[in-house]
Amino acid sequence: MKRSSRVTVNPSALQHNLQVAKNTAVNSKVNAVIKANAYGHGAVATAGILYPYTDGFAVSCIAEAIELRQAHIDLPITVLQGHQSIDDLRIAQQYQLRLTVHDTRQLSLLDQYTHHYRFDLNIKIDTGMHRLGFHLEQTQPVYNTLKTHRCVNPDTLILMTHLACADDVDTTYTTQQLRTFNEASKAINIPKSIANSAGILAHKESHANWIRPGIMLYGSSPFSHKHRDDLNLKACMTFNAPVIAVHTLKKGDSIGYGATWKCPSDMSVAVIACGYADGYPRHAKSGTPVFIHGEEAPLIGRVSMDMIVVDIDHLKENNIQTGDIAELWGENISIDSVAQNAETISYELLCNAGNLCSHHSF
Ligand SMILES: Cc1ncc(COP(=O)(O)O)c(C=O)c1O
């Protein structure tokens, strides 16, 4: 039995947003990032929609890549975390996956691999994210090792790094990372990949040979200071839930757990069947907009596990009833505004709603 909240994904918005990435970085190939179940949108369906327009896909781990291959997605697939075991290498060979090599343990696993196979590899260097990647001084020796390694295809090597602050208004950190990357890679004449969505949109110098757009594909702004409309991005995911009760409350009545919100006057409220169990953020503040009958209705009181309450007093003319459908985010309510109200980022909301919501369709 499915819950009543619903996630719907708009395929043409996904294609439009990919086209925005391509138009912004016209000389770069595209590695569309569809990790974490395509940020909650559904990895296989998203890959199917983007397939004719992208040059490859990037996922986090081997399991995500297998899912795509088993669904007959035959474009290059990059595993951003790379292999963690000999068994991963065996699977990468079987499914022809591109691996990311970012530490010396992965090099020794390659040394131990006894099969005759040449892997396609990304070499990842750390220019300031301090998450994954070789130290700068290892760049040249690692490249020298890999380009002559019996298990590596030297013709398909890509050098990559990841930007930590490309979404910042202050560009100092990104400029430093780009300078560091260029310095470390200047003698290494292979394709390069640097830019995530914020890099693509704000730092032309980061475009290089391959871009790696993620969040922008899903129609969300990577910048806190820019709305998706300013970037010509279209919302892909719509998150809806039905009204399951409408009440008139008295001045001073409180709403929900903790009785944190009190009615300033007699007023009408609607209860919507969606809460943190469905992926709506528990920390969304009172005032977070919900869209109902063509207008915004603010959230009031705490978000419960499977319900929220909204103020519909100003919508009386609209005669809101049980069964009416509210939009939690989508074309009318920007997910970025919900994220800001919940002191989080759209990435988290998309993943949570997409992966928790039991009704998911394209
Ligand atoms: C290595 C790498 N490249 C690209 C991306 C895409 O980033 P974004 O969603 O900010 O475009 C990610 C996602 O976190 C990533 O880990």
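See above for the structure.
All of these numbers come straight from a predicted model, not from anything done at the bench.

Notes on helix H3 (residues 43–50)
- If you check which residues of H3 are buried, you get Ala43, Thr46, Ala47, Ile49 and Leu50. Buried residues in H3, looked at end-on, bunch into an arc of 160°, giving them a common side.
- Its buried side turned inward, H3 meets helix H1 (11–24), strand E2 (29–33), helix H2 (35–39), strand E3 (56–59) and helix H4 (62–70).

Focus: the site of the ligand
- Near the ligand the following residues occur: Val33, Leu80, His162, Asn196, Ser197, Ala198, Arg212, Pro213, Gly214, Ile215, Met216 and Pro222.
- The residue makeup of the shell around the ligand, split by class, is seven nonpolar, four polar and one charged.

Some points on the packing of H3 against H4
- Look at H3 against H4: their axes get within 9 Å of each other, and the N-to-C directions meet at 60°. With respect to H4, the element H3 is oriented oblique. In this structure, H3 crosses over H4, and the sense of that crossing is right-handed. Contact with H3, carried on its side by Ala43, Val44 and Ala47, involves Glu64, Glu67 and Leu68 of H4 and no other residues of that element.
- Residue composition of the contact of H3 with H4, grouped by class: four nonpolar, no polar and two charged.

Quick word on helix H6 (residues 104–112)
- Those residues of H6 that fall on the buried side of the exposure criterion are Gln106, Leu109 and Leu110. Along H6, the residues classed as buried sweep out an arc of 100° about the axis, all on the same side. Facing away from the buried side of H6 by more than 90 degrees, the exposed set consists of Thr104, Ser108, Asp111 and Gln112.
- Buried residues along H6 sit in contact with helix H5 (86–95) and strand E5 (98–101).

Overview of the packing of H4 against H5
- Relative orientation of the contacting elements H4 and H5 amounts to 20°, with a least axis distance of 11 Å. Considering their axes alone, H4 and H5 lie roughly parallel with respect to each other. As H4 packs across H5, the resulting crossing turns out to be left-handed. Contact residues: H4 offers Ile62, Ala65, Ile66 and Arg69, while H5 offers Asp88, Ile91, Ala92 and Tyr95.
- Broken down by class, the residue content of the contact of H4 with H5 amounts to six nonpolar, no polar and two charged.

Overview of the environment of Glu67
- Relative to the helices and strands, Glu67 is located in helix H4.
- The partly exposed category is assigned to Glu67, around which 15 C-beta atoms lie within 10 Å.
- Considering only alpha carbons, one finds Glu67 and Glu348, 281 residues apart in sequence, at a separation of 22 Å.
- Those residues in contact with Glu67, other than ones at most four positions away along the chain, are Ala43 and Val44.

Topic: the nonpolar core
- Among the nonpolar cores identified, the biggest contains 103 residues, and Ile272, Val290 and Val310 are the most heavily contacted of them.
- Residues from two domains meet in this core; each of domain 1 (11–221) and domain 2 (237–361) gives at least three.
- The residues contacting Val310, other than those within four sequence positions of it, are Val269, Ala270, Ile272, Val290, Ile292, Ala297, Pro298, Leu299 and Ile300.

Parameters at a glance
- Residues numbered from 1 in each chain as written.
- Predicted model: local features only at pLDDT ≥ 70, side-chain atom pairs only at ≥ 80, totals over all residues.
- Buried ≥ 20, exposed ≤ 12 C-beta atoms within 10 Å, placed from the backbone.
- Helix = DSSP H or I, 4+ residues; strand = E, 2+ residues; numbered from the N terminus.
- Arc of directions from axis to C-beta.
- Contact = placed C-beta atoms within 7 Å.
- Near = placed C-beta within 6 Å.
- Nonpolar A, V, L, I, M, F, W, Y, C, P; charged D, E, K, R; others polar.
- Axes fitted to C-alpha atoms, helices over the stretch in contact; angles between N-to-C directions.
- Parallel < 35°, antiparallel > 145°, perpendicular 65-115°, else oblique.
- Left-handed = near helix turned anticlockwise from the far one by under 90°.
- Core = buried A, V, L, I, M, F, W, Y, C linked by C-beta atoms within 7 Å.
- Domains from an automatic or database assignment.

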